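Report on the structure
Okay, here's what each chain looks like letter by letter:
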Amino acid sequence: ISKQISLFLLRRQSENRCQQLAAIVESCEDAIIGKNLQGEIAIWNTGAQRMFGYTAQEAIGSPVSILQPPKRTDENKRLVMKMDAGAIVENYETVRLRKNGSLVEVALTLSPILNPAGFKTGTSIILRDITMRKDAEKRVSEFYSMVSHELRTPMTAVSVSLKLLQMGVLDLDSAESLDLIDTAVDGTDRLIRLVNDILDLQKLDAGKLDLNVKPICPQQLVTNTLSQLRCLSEESKIELRAKLEAIPPVSADFDR
């Protein structure tokens, strides 16, 4: 009797563990999918339904290929072969197809499902939606690209102006030298304003810089631009000329 009671308790503990595991799988935010050896979906949790739009009734029994974009039909087969060869397939970034035809960016993890004898009976597929992370990475990349472009122009003007003065090409008391100094000062002031914008972490998180839009005289903008470029053009023996006409003020960010 004691032995029977022990076996009964072990079965109950095993059943409780299975129920707990099932509850964890069902409540997980990630999509958890079980695929049998025939490539059919056998397990489909609520996270998978939220991510892909198929109900469990629609998904279970369907080929897992319903989630693969047309251009990635061989990808899952290749990953499974990699897993079967003993390699770890974890957080593999790819895209999958939703029921409505849209694509979702995911980090995919594959694991073999083994029976008590150690034989493979299927594949566990866990997919995490990384769309927001990818969007954030793209915004940050675009932000830095924009920032590097904005900083390079005034930095170059300051650098070339100071080098020309350092080389003694011009008399320090001449009007040309004073113009170069003014160019360096203007470029430095602009750099300070741009760096202050960049150091605003909220703007970095949003992936954009605010524009300080004011009425600007186009002629002033052209004159200022030529002044910034003059030291570069003279160094390259290029003459820049501007034909200024009467143009009404425009709304713009002068620094940018």
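Residues numbered from 1 in each chain as written. Predicted model: local features only at pLDDT ≥ 70, side-chain atom pairs only at ≥ 80, totals over all residues. Heavy atoms only, no water.

**Comments concerning the overall build of the protein chain**
Quick reminder of the rule: The numbering of helices and of strands both runs from the N terminus, where a helix is a DSSP run of H or I of at least 4 residues and a strand a run of E of at least 2. Relative accessibility decides the category of a residue: with a 1.4 Å probe and only protein chains considered, values under 20% of the type maximum give buried, values over 50% give exposed, and everything between is partly exposed. Contacts are assigned to residue pairs with any non-hydrogen atoms lying within 4.5 Å of each other. A 1.4 Å probe and the Shrake-Rupley method give the accessible areas. Residues count as covered only by the protein chains that appear here.
What the protein chain contains, in helices and strands, is eight helices and seven strands. Put simply, the protein chain has 256 residues, and 30% of those count as buried. Put simply, 52% of the contacts in the protein chain that link residues at least 6 apart link residues at least 24 apart. When the accessible surface of the protein chain is totalled, it reaches about 17100 Å², and 57% of it is carbon and sulfur.

**Some details on the sheet that holds strand 3 (residues 89-97)**
Rules: Only strands joined by at least two bridges in the DSSP assignment are considered to pair. Angles shown run from 0 to 180 degrees and are taken between the N-to-C directions of axes, each axis being a line fitted to C-alpha atoms and, for helices, limited to the stretch in contact.
In spatial order, the strands read 2-1-5-4-3; together these five strands make up an open sheet with antiparallel pairing. Of all the strands in the sheet, just strand 2 (41-44) and strand 3 have a single pairing partner and so form its edges. On average, each strand axis in the sheet is inclined to that of its neighbour by 30°, with strand direction left out of account. Both strand 3 and strand 4 (residues 103-114) contribute to a ladder of seven bridges, which runs antiparallel. Within strand 4, the position partnered with R96 by the bridge is V104. Along the sheet face, helix 4 (residues 75-84) touches strand 1 (31-36), strand 3, strand 4 and strand 5 (120-129) and points at about 165° away from the line of strand 3. Contacting strand 3, strand 4 and strand 5, helix 5 (residues 131-166) runs over the sheet at an angle of about 135° to strand 4.

**Side note on the confidence of the model for the protein chain**
Put simply, the rule reads: The pLDDT value expresses, per residue, how confident the predictor is, ranging between 0 and 100.
Of the residues in the protein chain, 83% reach a pLDDT of 70 or more, and the chain-wide mean stands at 79. Taking the mean pLDDT of every element in the protein chain, the minimum, 50, falls on helix 1 (residues 2-27) and the maximum, 92, on helix 3 (residues 56-59). Predicted confidence is poor over residues 1-10, with pLDDT under 50, and the contacts of this stretch with residues over four places away or in other chains come to zero contacts.

**With respect to the nonpolar core**
We apply this condition: Throughout this description, the term nonpolar core refers to a set of buried Ala, Val, Leu, Ile, Met, Phe, Trp, Tyr and Cys residues connected via side-chain atoms within 4.5 Å.
Ranked by internal contacts, the top residues of the largest apolar core, which has 21 residues, are I33, W44, F52, L110 and L127. Among the elements of the structure, strand 1, strand 2, helix 2 (46-52), helix 4, strand 4 and strand 5 are those that each provide at least two residues to this core. Sort the elements by how many residues they give to this core and strand 4 lands first, with four residues. In contact with L127, other than residues within four places in its own chain, are D30, A31, I33, M51, F52, R96, V106, A107 and L108. In this structure, F143, V147, L151 and L194 belong to the second largest nonpolar core, which totals five residues.

**Quick word on the packing of aromatic side chains**
This is how the line gets drawn: Only Phe, Tyr and Trp rings are paired, with Trp represented by its six-membered ring, and only when their centres lie within 6.5 Å; those with planes under 30 degrees apart are stacked, over 60 edge-to-face, the remainder tilted.
Applying the stated criterion across every chain, the model contains two aromatic pairs. With a centroid separation of 6.0 Å and an interplanar angle of 45°, the aromatic rings of W44 and F52 are classed as tilted. Side by side, W44 and F52 carry an identical accessibility label, which is buried. Note on W44 and Y54: the rings are 6.3 Å apart at their centroids and 80° apart in plane angle, and the pair reads as edge-to-face. Of this pair, W44 sits in strand 2 while Y54 sits in the loop between helix 2 and helix 3, and the two are ten residues apart along the sequence. In this structure W44 comes out as buried when scored by relative accessible area, which is 6%. Y54 sits in the buried class, given a relative accessible area of 15%.

**Describing the environment of A48**
Secondary-structure assignment places A48 in helix 2. Classification of A48 by relative accessible area gives buried; the value is 0%. Sequence spacing of A48 and I32 is 16 residues, and the spatial spacing of their C-alpha atoms is 6.1 Å. Not counting chain neighbours up to four residues away, the residues in contact with A48 comprise D30, A31, I32, I33 and G53.

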